[in-house]
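# Report on the structure
Here's the letter readout for the chains.
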Amino acid sequence: MKSHFSLILLSTLQCNADCAYCFEDKTPDRLTLDRLGEMIRKVLDYMVEKSLASLTIYWQGGEAMLLPPSWYEQAEELIQREAEARGKQVFHSLQSNMLAYSSRWNKVIAEMFGNSVGTSLDYPNLHRKLLGQGPESYNEIWGRRVREARAAGIDVQVIAVPNQATLEIGAERFYTHFVDELGINDFQVNTPFPGGEATAAKKELPVAEVEKLSRFFVDLAMSGWSAATSGACGSAHSMPYSNNSVTNRRRCPASGARTAPIPSYRLMPAAMWRNAIAG
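A brief look at the structure comes next. Given the structure is predicted, the values throughout are model-derived calculations rather than measurements.

Time to look at the side chain of Thr-119. For Thr-119, the position within the fold is in strand E4 (residues 116-120). Engagement of the side chain of Thr-119 in a polar contact is seen with the side chain of Trp-142, the distance being 3.0 Å. In this structure, Thr-119 is in contact with Gln-95, Ser-96, Asn-97, Met-98, Trp-142, Val-156, Gln-157, Val-158 and Ile-159, ignoring residues within four places of it in sequence.

The next subject is the packing of aromatic side chains. On inspection of all chains with the given rule, the structure shows 12 aromatic pairs. Their ring planes at 70° and their centres at 6.2 Å tell us that Tyr-72 and Phe-113 sit as a pair that is edge-to-face. Residue Tyr-72 is found in helix H2 (residues 69-85), and its partner Phe-113 is found in the loop between helix H3 (106-112) and E4; the two are separated by 41 residues along the sequence. For Phe-113, a relative accessible area of 4% puts it in the buried group. Here the aromatic residues Phe-174, Tyr-175, Phe-178, Phe-187, Phe-216 and Phe-217 are joined through ring pairs into a cluster of three or more.

Attention now goes to the pattern of salt bridges. Applying the stated rule across the entire model yields 10 salt bridges. Residues Glu-82 and Arg-86 are paired through a salt bridge, measuring 2.9 Å at the closest nitrogen-oxygen approach. Judged by relative accessible area, which is 13%, Glu-82 ranks as buried. The class for Arg-86 is partly exposed, based on a relative accessible area of 23%. Among the ionic pairs, Arg-215 bridges to Asp-219, the shortest N-O distance being 3.0 Å. Linking Arg-215 with Asp-219, this pair stays in helix H8 (residues 210-228), spanning four residues, or about one helical turn.

One open sheet accounts for three strands, arranged E1-E2-E3; its pairing is parallel. Each end of this open sheet is capped by a strand with a single partner; those strands are strand E1 (4-10) and strand E3 (89-94). The mean angle between the axes of side-by-side strands here comes to 20°, regardless of whether they run parallel or antiparallel. In this sheet, E3 lies alongside strand E2 (residues 54-60) in parallel orientation, the contact comprising six bridges. Counted as the bridge partner of Ser-54 is Gln-89 from E3. Across the sheet, helix H1 (residues 33-50) touches E1 and E2, and the angle it forms with E1 is around 165°.

This part covers the nonpolar core. Leu-36, Ile-57, Trp-59, Tyr-72, Phe-174 and Phe-187 are the most contacted members of the largest nonpolar core, which totals 64 residues. Setting aside residues up to four positions removed in sequence, Leu-36 forms contacts with Leu-9, Leu-31, Trp-59, Trp-71, Ala-75 and Ile-79.

The next thing to look at is H2. Its 17 residues place the ends of H2 25 Å apart at the C-alpha level, agreeing with the 24 Å of an ideal helix rising 1.5 Å per residue. Of all the residues in H2, the buried ones are Pro-69, Trp-71, Tyr-72, Ala-75, Leu-78, Ile-79, Glu-82 and Ala-83. In this structure, the buried side of H2 is in contact with H1, E2, E3 and H3. Directly beyond the C-terminal end of H2, a positive phi value near 70° is found at Gly-87.

About the criteria used
Residues numbered from 1 in each chain as written. Predicted model: local features only at pLDDT ≥ 70, side-chain atom pairs only at ≥ 80, totals over all residues. Heavy atoms only, no water. Helix = DSSP H or I, 4+ residues; strand = E, 2+ residues; numbered from the N terminus. Polar contact = N/O pair within 3.5 Å; in protein donor to acceptor, adjacent residues only side chain to side chain. Contact = heavy atoms within 4.5 Å. Phe/Tyr/Trp six-rings, centres within 6.5 Å; stacked < 30°, edge-to-face > 60°. Buried < 20%, exposed > 50% of the residue type's maximum accessible area, 1.4 Å probe, protein only. Salt bridge = Lys/Arg side-chain N within 4 Å of Asp/Glu carboxyl O. Pairing = 2+ DSSP bridges. Axes fitted to C-alpha atoms, helices over the stretch in contact; angles between N-to-C directions. Core = buried A, V, L, I, M, F, W, Y, C linked by side-chain atoms within 4.5 Å. Expected span 1.5 Å × (residues − 1).

Okay, here's the thing in structure tokens:
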């Protein structure tokens, strides 16, 4: 029997990036705390009616970090108060492009989001950009912010969408970039899907390259398996499970005592779903 409910909330439709294949309508709209309260009470009342024990809220945008950390602290307090009144548990997950990240986010990420944040970067990056700039400047800022977050102890999880250049460089180079160069031990690969209004960038996505995409995913799994069996501590074991993730741990031979996280990845269909939007 289902006992959990998942909800995506867009805290704002504003964004500080200009990604060529974005499907969102970017507006100045922000979710107010009053509107949030109305929605949460309706969701929690529905959970009471259906005997659902817990809720996970996936906070997205726009760009979620364009609202200040204090807004999320107030939001969590409001949600927790309403949940406790109904005997429900609520968990939170944050998705951000990380461009606006700074140390002032560390407290709320630790306390509200389990010291974890999800972000996105394709490799090679062709379509994620800052307004009026190219992918290189986006890569530079994103990489700096991710390194700062990881240095603060935050678990950074990455979503990537394959493009034509991804298929050209191959799975091994793709895997090496995320795992060995960036130190990411949890990443998700979304199958490309050109949602929203048609653009040149969306037309270039390798949607019809079924054979090449399939080979890329198989090779990606094999890259992880090869790394995991090479004997290097902390190397990765990745297998392509649709809509699931498998994170393995194994002992480091050097110490015989510590366990090292073995990076995993998930393959996800790119169907986009929304339970609620900011307005």
